[in-house]
Number of protein chains: 2
Amino acid sequence: MQMQVKIGLSGFGHVGRNFAALLAEKEGDLSRRYSLDLQLVLAANSRGAVSAENGLDPGLLGRLQASRDLDGLKGFTAGLTGPAAVAAAGAAVWVEATPSPAREGFEPAFTNMKLAIAGGIHVVTLSKGPLVHAFAEIMELAAAAGVKIKYSGATAAALPTVDVALASLAGSRITAVEGILNGTSNYILTCMEEEGLDFAGALARARQQGIAEPDPSLDVGGWDTAYKLLIIANTLFGGAFTLEHMDVQGIEGIGPADQEAARRLGGTLKLVGSARLTGEGYILQAGPQILPGRHPLAGVRGTSKGIHFVSDTLGPLTVLGGPSDPRGAAAAALKDIINLYQRG
Amino acid sequence: MQMQVKIGLSGFGHVGRNFAALLAEKEGDLSRRYSLDLQLVLAANSRGAVSAENGLDPGLLGRLQASRDLDGLKGFTAGLTGPAAVAAAGAAVWVEATPSPAREGFEPAFTNMKLAIAGGIHVVTLSKGPLVHAFAEIMELAAAAGVKIKYSGATAAALPTVDVALASLAGSRITAVEGILNGTSNYILTCMEEEGLDFAGALARARQQGIAEPDPSLDVGGWDTAYKLLIIANTLFGGAFTLEHMDVQGIEGIGPADQEAARRLGGTLKLVGSARLTGEGYILQAGPQILPGRHPLAGVRGTSKGIHFVSDTLGPLTVLGGPSDPRGAAAAALKDIINLYQRG
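Per-chain numbering applies: the sequence of each chain, read as written, is numbered from 1 onward. As a convention, the first chain written is A and the first ligand written is 1, with the rest following in written order. Predicted model: local features are reported for residues with pLDDT of at least 70 only, side-chain atom pairs are reported and counted for 80 or more only, and whole-chain, interface and lining totals are derived from all residues. By convention in this description, side-chain values take in all heavy atoms of the structure and omit both hydrogens and water.

Novice: Please clarify how the pairing of strand 2 (residues 36-44) of chain B should be interpreted in this entry.
Specialist: Along a regular strand, successive side chains alternate from one face of the sheet to the other. Residue and element names in this part refer to chain B. Counted residue by residue, strand 2 has 8 buried out of 9 residues, so it is predominantly covered. Note on pairing: DSSP must find at least two bridges between two strands before they are called paired. Secondary structure is summarised from DSSP: a helix means a run of H or I of at least four residues, a strand means a run of E of at least two, and numbering begins at the N terminus for each. Here strand 1 (residues 3-10) runs beside strand 2; their pairing, made up of 8 bridges, is parallel. Within strand 2, the residue paired with L9 across the bridge is A43. In terms of strand pairing, strand 2 meets strand 3 (residues 48-51) through 3 bridges, oriented antiparallel. Each residue of the ladder has a partner; that of L42, found in strand 3, is S51. The buried label goes to any residue with under 20% of its type's maximum accessible area, the exposed label to any with over 50%, and the partly exposed label to all in between, with areas taken from a 1.4 Å probe on protein chains only.

Novice: What exactly am I supposed to notice about the sheet that holds strand 4 (residues 76-78) of chain B here?
Specialist: Two pairing modes exist for strands in a sheet, parallel and antiparallel, and in both the strands are linked by backbone hydrogen bonds. All names here are of chain B. Strands sit in the order 4-3-2-1-5-6-7 across an open sheet of 7 strands; the sheet is mixed. Of all strands in the sheet, those bounded by a partner on one side alone are strand 4 and strand 7 (149-150). The contact criterion used throughout is that any non-hydrogen atoms of two residues lie within 4.5 Å. Here an axis means a line fitted to C-alpha atoms, over the contact stretch when the element is a helix, while the angle between two N-to-C directions is reported on a 0 to 180 degree scale. With respect to the sheet, helix 5 (residues 109-118) is in contact with strand 1, strand 5 (93-96), strand 6 (122-125) and strand 7, its orientation differing from that of strand 5 by roughly 175°.

Novice: What is the right way to read the side chain of D163 of chain B from this model?
Specialist: Tracing the backbone shows D163 of chain B in helix 7 (residues 162-168). In contact with D163 of chain B, not counting residues within four places along its chain, are A167 and S168 of chain A together with S152, S168 and K335 of chain B.

Novice: Would you take a moment to explain the sheet that holds strand 2 (residues 36-44) of chain A for this structure?
Specialist: Residues and elements named next belong to chain A. Spatial ordering of the open sheet is given by 4-3-2-1-5-6-7, a layout of 7 strands whose pairing is mixed. Only two strands of the sheet have a single neighbouring strand rather than two, namely strand 4 (76-78) and strand 7 (149-150). Across 4 bridges, strand 5 (residues 93-96) lies against strand 6 (residues 122-125) in parallel orientation. Looking at the pairing, E96 lines up with T125 of strand 6.

Novice: Quick question: what am I supposed to make of the packing of aromatic side chains here?
Specialist: To describe a pair of aromatic rings, you give the distance between the ring centres and the angle between the ring planes. All names here are of chain B. In this analysis, rings of Phe, Tyr and Trp, with Trp reduced to its six-membered ring, are considered paired at centre separations within 6.5 Å, and the interplanar angle assigns stacked below 30 degrees, edge-to-face beyond 60, and tilted for intermediate values. Scanning all chains against the criterion turns up 10 aromatic pairs over all chains. For the ring pair W223 and Y227, a centre distance of 6.3 Å and an interplane angle of 40° mean the geometry is tilted. One end of the pair, W223, and the other, Y227, are both in helix 11 (residues 223-237), 4 residues apart, so they sit about a helical turn from each other. Pairing F241 with Y282 gives two aromatic rings, centres 6.1 Å apart and planes at 85°, and the pair type is edge-to-face.

Here's what the structure looks like:
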């Protein structure tokens, strides 16, 4: 028996378009393997939204080249965006894919999410902002409304982090987490280490490859790592941490001499986000660290990522994952939707 | 609101006793984090069972030194074992922890499991035998009865394998799996490589450390790896594979010259179980392989394990996990029980 699930999507940039394309590509698989019939009923961006009560054609949407191409589609309503779009969608799941780097604010994602929650709609978010800004508040609202918040796409996307901790380590007590969570920074450090480039040269290479954004400061400044680590730590350790609890450092000041020093110590220099249980509670950090050569994250190269957990009953566990791109991020959101309905 | 779940346990060796101990140790955590009140109502071994409708004291059971110590406990019924025990338990979850290496048969685990399924009881099995012998049959019976079969403890225990594939890679298509799934063999190969021992010397060391069993043939012969890989492949790729589909080789014939040859090629020799999609369908193998130096499983040392997945949308994913011991195996069973009741 197929279960029909109506989905609203906010944010129609690279990730949003890839999400639509993936829904079309995976339609048969979703039906066969999960008995799910996922219908995209609304797709909004900052200009407005296209909607159709009985489902848009995700294949058509996925083939659009730019988010502004939504405007020209049949069923487009100018100004139907943000809260108005959430209310209009009539969806069971709201996918929030608007860009919201936390430093520049967390709207419209935060308001959209609260409205969805109040309407009894599950939220799958790729936007980190609201979770960085108000993790505890969102989780309390969701619990009270009986809806779920899933955020694989906001916590390293193609690399599973929170779902491994919550499902694969269920019942164990996690006492430490360390992660290489930012592909751009790791790519830069890898270029410096393996090709002898300095920071500026490696950054230029990353830009050339389309890996670094025009303004790379969230990535190389350690903030993206800090945001992800903060969300992961709040998920695992009770929700009370904020950015003020974190010491955040970037890799802009790293030079070949630092990497050489790390090598002399038998290790390698990485940008690491970590949370550790100590006598004074959990210590959260994001910054450059020398990882010993045999550390399970020491071999993470290029845009790859990794996370390492220490638990009481299930031992140490390391997950090494693929580089993130818009398709991987979209696939992480699709995974979250499937897991809303997949049990045990 | 706490949910009370009655559990029956078959098999009271190291793993069974650790399971009881863990239930006692985690009682508070299970209640706080998962709202679960797990009651062990019956514990059986080959002689009989102790039972109590309102729950045995798992702390007391966990402190027993040997499985025969059950005999002396209040509430022990001689001969209450196998199917009779399943029927008597009145449990919601049946934990099957009887030893059943597939080569020596798959009873009493198989009969116990079928009886539990017919009774509408979820099954958490640490015994591989029934799944190696009759995977498709068990899954069909379970689907028809509306019960779940969980088997983390039969597929590398403390190393998550199937739950990562089913939950963390949900929605993606997995096209290849490779795993270092047997800690004993990997320990022996590591000793040979790092300390220059030959196979016999390394095996002797493994026995001395309590890592190798008196008869290590299932481990070093590649069979344990093959069993686990077979269960994983059946889970991911549709249930139709049997041991006849597999080419199985052990590490008994490996010598220092083989490892030296692997080193010259820049790689390392490991006992690997693998399933790969080819033009002729899936090819399943278990045997020694040279892994390139940068292969994500190349650095798995000692009794550690690892698994590597290739997927279409979520990229390559590697999980490196803790060595298995009876406590880790028991924790894997507890994780399965939690995930029977934890949603989304």
